[in-house]
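# A look at the structure
The residues making up each chain are set out below.
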Amino acid sequence: MLQITFLLMLGVSMVRAAVIHVPGDQESLENAVSISAIGDTISLAEQEHVIDTPIHVPRSITLLAASVLSGESSWSQGCSVSGVHDIVFTPDDSLVTRIRGINFYNRGIKFPNREARVEIQHCRFEFSFDVDFVNLYSLEVNECYFSENSIRIHYCNDVRFSNVQFVNLRERLSILYSYADFFDVLHIQTQQPSVFVDAIHLDASEVLLQNCTIAGFEIEGTHYTSSLVRVSNASHLTIHNSILFNNIYNYYAVPIRLVSEDAFVRNTLTIDYSCIEQGADGVEVDNISSDLYWRNGNISDSPSFGEDYSLLSSSPCIDAGDPSSPLDPDGTIADMGALFYCQGDQVSIPEEAVVVTEPGYTAQLAVEFKSACAGVSVDSASTTLMEFILGTFTDSIGAGFQSGFFNLTFDPQSQGLFQDTLHIWADTEISNTEDPRHHVVPLVGESGPIPAAVTDLTVAIEEDQSAMLNWSPVDSTIYGNPVTPDIYLVFYNELDPYVEDYWFYLFAVPGTEFEHFRAAQFSDLINYRVEAWVDIAGRVEDLEPGMSFSGVNAILRGRAVAGGVDPR
């Protein structure tokens with residue numbers, strides 16, 4: 001028997017989430033959490049928020065700095081949460097908990113014993129008591145900084161750290177019964193608040209270290225199992241394009257050790273295109289069932305570290321990474337380690353900025369501009385059309401792909417497509433025009449109208465096992481203005497309706513019904529969603545059945561840009 005569920009999709013989410021401003025709507029973070037609902041956003045003003053009591057967050061929310069919500073910055077300009085009490089997140093729903101742009105100072109952050117999905121971006125955790133990630137379904141940490149922390153990753157299904165720094169860890173980084181990937185991560189111990197027996201401990205876990213640098217630790221070899229990285233209890237570690245060097249090993253300590261109390265428990269270590277202190281001799285395999293796979297491209301020469309563990313021009317790690325890896329931002333072969341050596345100035349700008357709105361209603365977007373090597377000064381910027389209004393923009397951008405944003409407003413007064421160009425003049429040696437100082441970003445604006453969400457969707461199974469969908473006609477826009485949609489787009493999902501990647505395009509119909517021919521004969525469970533569409537640009541004809549939902553959006557709504565706002 002075919003089971004069919006159907007969802008009414010409001011914009012790009014299934015609920016209309018609220019935004020709670022602190023202060024403003026609520027005086028404190030504690031109060032905001034207490035009144036929040038699943039999917040709500042708590043926006044913290046750019047100030048210090050002192051927590052007087054422990055905070056328990058029992059649902060998935062988004063917690064971010066006000067500058068992130070406004071599109072002004074992905075990094076907090078002064079938003080901090082401090083105190084001596086923990087913030088404990090225990091969401092029991094299937095949505096994603098997001099934290100962005102906040103400096104957590106002198107406090108513990110815990111995600112205990114829930115199969116939750118967590119995303120953390122552009123945050124700093126300084127002098128925190130504990131940062132615990134336990135029993136998470138997925139964890140993604142991007143462009144964050146941890147200092148003076150104790151970090152535990154236990155019983156997590158899918159972990160990804162990228163562009164992260166760990167500095168002066170209070171205790172060893174503990175990874176227990178987890179699957180974790182670390183990309184472009186810098187583990188450094190610039191001071192010595194304590195001496196480690198093991199700086200990083202893998203216990204029954206599978207871990208990838210790619211383009212990572214682990215340096216500056218002191219390992220006290222008080223017994224035979226001391227090591228910089230300990231691989232134990234059926235763990236599997238892969239080290240790729242990474243550097244483990246400039247660490248101090250006392251007595252019996254070694255860089256890496258594979259150890260198990262059970263002689264028949266197999267650990268594996270695979271190393272390629274990496275700079276390992278003491279080379280293969282720096283790896284101890286303590287039981288006969290464990291295996292070391294010492295692959296191509298490994299070296300044991302000093303990486304010639306500069307300040308902050310960057311590479312000097314004489315470093316043998318430059319262009320010594322896996323030749324099949326993606327190129328470094330300067331266009332050269334990948335370097336070993338977390339910090340690549342820039343061999344030529346490169347500037348990164350988006351190929352196109354796309355925004356959608358309804359006539360008479362503005363939409364904000366931010367165009368991101370980055371410099372790979374030396375910092376650049378921005379002289380001026382301009383647009384020509386009245387529909388694209390250039391607001392604030394940075395006057396300089398730091399080295400190492402720091403971000404600078406050009407904030408624009410798309411303010412169409414009539415229906416149609418609008419094309420413009422953002423011109424940026426900056427102190428650079430290379431650009432996407434003949435003039436190395438002149439950079440251009442094509443601006444594309446599509447002016448609605450944007451139909452409201454479909455309502456009253458019903459599904460019935462017919463005698464021939466077909467699924468008949470019916471819904472009420474949409475007659476207004478998301479702003480309440482009259483509209484007549486050209487077509488209705490039908491999507492289906494046979495796995496999980498809460499996962500966008502599982503939604504696929506089925507068909508487009510001009511009316512308010514659709515027959516999914518003999519659907520019950522071929523599937524036991526189908527979720528449906530229907531969206532109204534006004535096909536201003538004639539893009540629907542480019543859609544093909546089976547396209548992913550994101551692929552359909554890419555065709556109908558253009559490529560999204562960081563900071564852009566698409567009100568659909």
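One can find the structure itself at the top, above this paragraph.
In this text the structure is predicted, and so the values were computed from the model without any measurement.

## With respect to the overall build of the protein chain
Helix and strand content of the protein chain: four helices and 50 strands. Taken over C-alpha atoms, the radius of gyration comes to 27 Å for the protein chain, in line with the 24 Å a tight globule of 568 residues would show. Projecting the C-alpha coordinates of the protein chain onto the three principal axes gives extents of approximately 80 × 65 × 50 Å. For the protein chain, long-range pairs separated by at least 24 residues make up 58% of all intrachain contacts whose partners lie at least 6 apart in sequence. On the protein chain, roughly 24700 Å² of surface is accessible, and the fraction owed to carbon and sulfur atoms is 48%. Here the protein chain carries 25 positive and 78 negative side-chain charges, and the mean point of each set is 5 Å from the other.

## Topic: the packing of aromatic side chains
Enumeration according to the criterion identifies 21 aromatic pairs in this entry. Centre to centre, the rings of Phe125 and Phe146 are 4.8 Å apart; their planes meet at 5°, and the pair counts as stacked. With Phe125 in strand S13 (residues 124-126) and Phe146 in strand S16 (residues 145-147), this pair connects stretches of sequence that are 21 residues apart. On the basis of relative accessible area, Phe125 is assigned to the buried category, the value being 1%. An aromatic cluster of three or more residues is present, and its members are Phe89, Phe104, Phe111, Phe125, Phe133, Phe146, Phe161, Phe166 and Phe182. Lying across the ring of Trp503, Arg529 places its NZ or CZ 4.9 Å from the centre.

## Some points on a nonpolar patch on the surface
On the surface, a nonpolar cluster with roughly 230 Å² of combined accessible area is contributed by Tyr361, Ile478 and Tyr479. Looking at the secondary structure, you find Tyr361 in the loop between strand S37 (353-357) and strand S38 (363-371).

## Structural notes on the pairing of strand S2 (residues 19-22)
Burial of the side chains of S2 is restricted to one face: Ile20 and Val22 are buried, whereas none of Val19 and His21 on the reverse face is. Here four bridges tie S2 to strand S3 (residues 41-44), and the two strands are oriented parallel to one another. Looking across to S3, one finds that Ile20 is bridged to Ile42.

## Some remarks on the sheet that holds strand S42 (residues 403-410)
Two strands in a sheet stick together by hydrogen bonds in their backbones, pointing the same way (parallel) or opposite ways (antiparallel). Taken together, the four strands give an open sheet; going across it, the order is S36-S38-S42-S40, and neighbouring strands pair in antiparallel fashion. This sheet does not close on itself; its edge strands, each paired only once, are strand S36 (347-348) and strand S40 (388-393). Looking at chain direction, S36 and S38 are connected through two bridges and run antiparallel. Opposite Val347, over in S38, you have Ser371 as the bridge partner.

## Considering helix H4 (residues 549-556)
For H4, the full list of buried residues reads Phe549, Val552, Asn553 and Leu556. Projected onto a plane normal to the axis of H4, the buried residues spread over an arc of 100° and lie on a single side. Those residues of H4 that are buried are in contact with strand S44 (438-447), strand S47 (487-493), strand S48 (504-509) and strand S50 (525-533).

## A short note on the environment of Arg160
Of note, Arg160 is situated in strand S18 (residues 159-162). Residues Arg160 and Trp533, spaced 373 residues apart in sequence, show a C-alpha to C-alpha distance of 36 Å. Dropping the residues within four chain positions of it, Arg160 is found in contact with Leu139, Glu140, Val141, Asp181 and Phe183.

## Quick look at the sheet that holds strand S45 (residues 458-461)
Pairing within the open sheet is antiparallel, and its three strands lie in the order S45-S46-S49. Each of the sheet's edge strands pairs with one partner strand only, and the pair in question is S45 and strand S49 (513-516). The average angle at which neighbouring strand axes cross in this sheet is 20°, direction not considered. Relative to S49, strand S46 (residues 467-470) runs antiparallel, the two sharing four bridges. The residue of S49 that forms the bridge with Ala467 is His516.

## Observations regarding the pattern of salt bridges
Pairs may arise between side chains of opposite charge once their charged atoms sit close together. Throughout the structure, instances matching the rule amount to 17 salt bridges. Taking the shortest distance from any N to any O, the salt bridge between Glu119 and Arg98 comes out at 3.2 Å. Residue Glu119 is located in strand S12 (residues 117-121), and its partner Arg98 is located in strand S9 (residues 96-100); the two are separated by 21 residues in the primary sequence. Overall, the relative accessible area of 30% leaves Glu119 in the partly exposed class. With a relative accessible area of 34%, Arg98 lands in the partly exposed category. A salt bridge links Arg266 to Asp291; the shortest N-O distance between them is 2.2 Å. Of the two residues, Arg266 sits in the loop between strand S31 (254-259) and strand S32 (268-272) while Asp291 sits in strand S35 (residues 291-294), which places them 25 residues apart along the sequence. On the basis of relative accessibility, which here comes to 42%, the residue Arg266 falls in the partly exposed class. Each of the salt bridges in this network shares a partner with another, and the network as a whole consists of Lys110, Asp130, Asp132, Arg152 and Glu171.

## Re the nonpolar core
Phe161 and Phe182 are the most contacted members of the largest nonpolar core, which totals 73 residues. The contact partners of Phe182, leaving out residues within four places of it in the chain, are Ile153, Phe161, Phe166, Leu173, Ile175, Val207, Leu208, Leu209, Gln210 and Cys212. Judged by nonpolar contacts, the second largest core, of 20 residues, contains Val355, Ile397, Phe406 and Leu422.

## Some points on the environment of Ala353
By the secondary structure assignment, Ala353 is in strand S37. It is 6.9 Å that separates the C-alpha atoms of Ala353 and Val367, two residues lying 14 residues apart in sequence.

## Regarding the pairing of strand S39 (residues 376-382)
As judged from the two bridges shared by S39 and strand S41 (residues 396-397), these two strands associate in the antiparallel manner. Directly across from Val376, in S41, lies its bridge partner Ile397. Where S39 meets strand S43 (residues 416-426), four bridges bridge the pair, whose relative direction is antiparallel. In the strand pairing of S43, Ser382 is matched with His423.

## Details of the side chain of Ser289
Relative to the helices and strands, Ser289 resides in the loop between strand S34 (283-285) and S35. Ser289 has contacts with Ala263, Phe264, Val265 and Arg266, leaving out every residue within four places of it along the chain.

## Observations concerning a negative patch on the surface
A surface patch of negative charge is lined by Glu463, Asp464, Glu513 and Glu515. For Glu515, the position within the fold is in strand S49. Given the relative accessible area of 35%, Glu515 is considered partly exposed.

Rules used in this analysis
Residues numbered from 1 in each chain as written. Predicted model: local features only at pLDDT ≥ 70, side-chain atom pairs only at ≥ 80, totals over all residues. Heavy atoms only, no water. Helix = DSSP H or I, 4+ residues; strand = E, 2+ residues; numbered from the N terminus. Rg over C-alpha atoms; globule rule 2.2 N^0.38 Å. Contact = heavy atoms within 4.5 Å. Areas by Shrake-Rupley, 256 points an atom, 1.4 Å probe, with all protein chains shown as cover. Lys, Arg positive; Asp, Glu negative; His and termini not counted. Charge placed at Lys NZ, Arg CZ, Asp CG, Glu CD. Phe/Tyr/Trp six-rings, centres within 6.5 Å; stacked < 30°, edge-to-face > 60°. Buried < 20%, exposed > 50% of the residue type's maximum accessible area, 1.4 Å probe, protein only. Lys NZ or Arg CZ within 6 Å of the ring centre and 35° of its normal. Patch = residues over 30% accessible without salt bridge, like charges linked within 9 Å, V, L, I, M, F, W, Y side chains within 5 Å. Salt bridge = Lys/Arg side-chain N within 4 Å of Asp/Glu carboxyl O. Pairing = 2+ DSSP bridges. Arc of directions from axis to C-beta. Axes fitted to C-alpha atoms, helices over the stretch in contact; angles between N-to-C directions. Core = buried A, V, L, I, M, F, W, Y, C linked by side-chain atoms within 4.5 Å.

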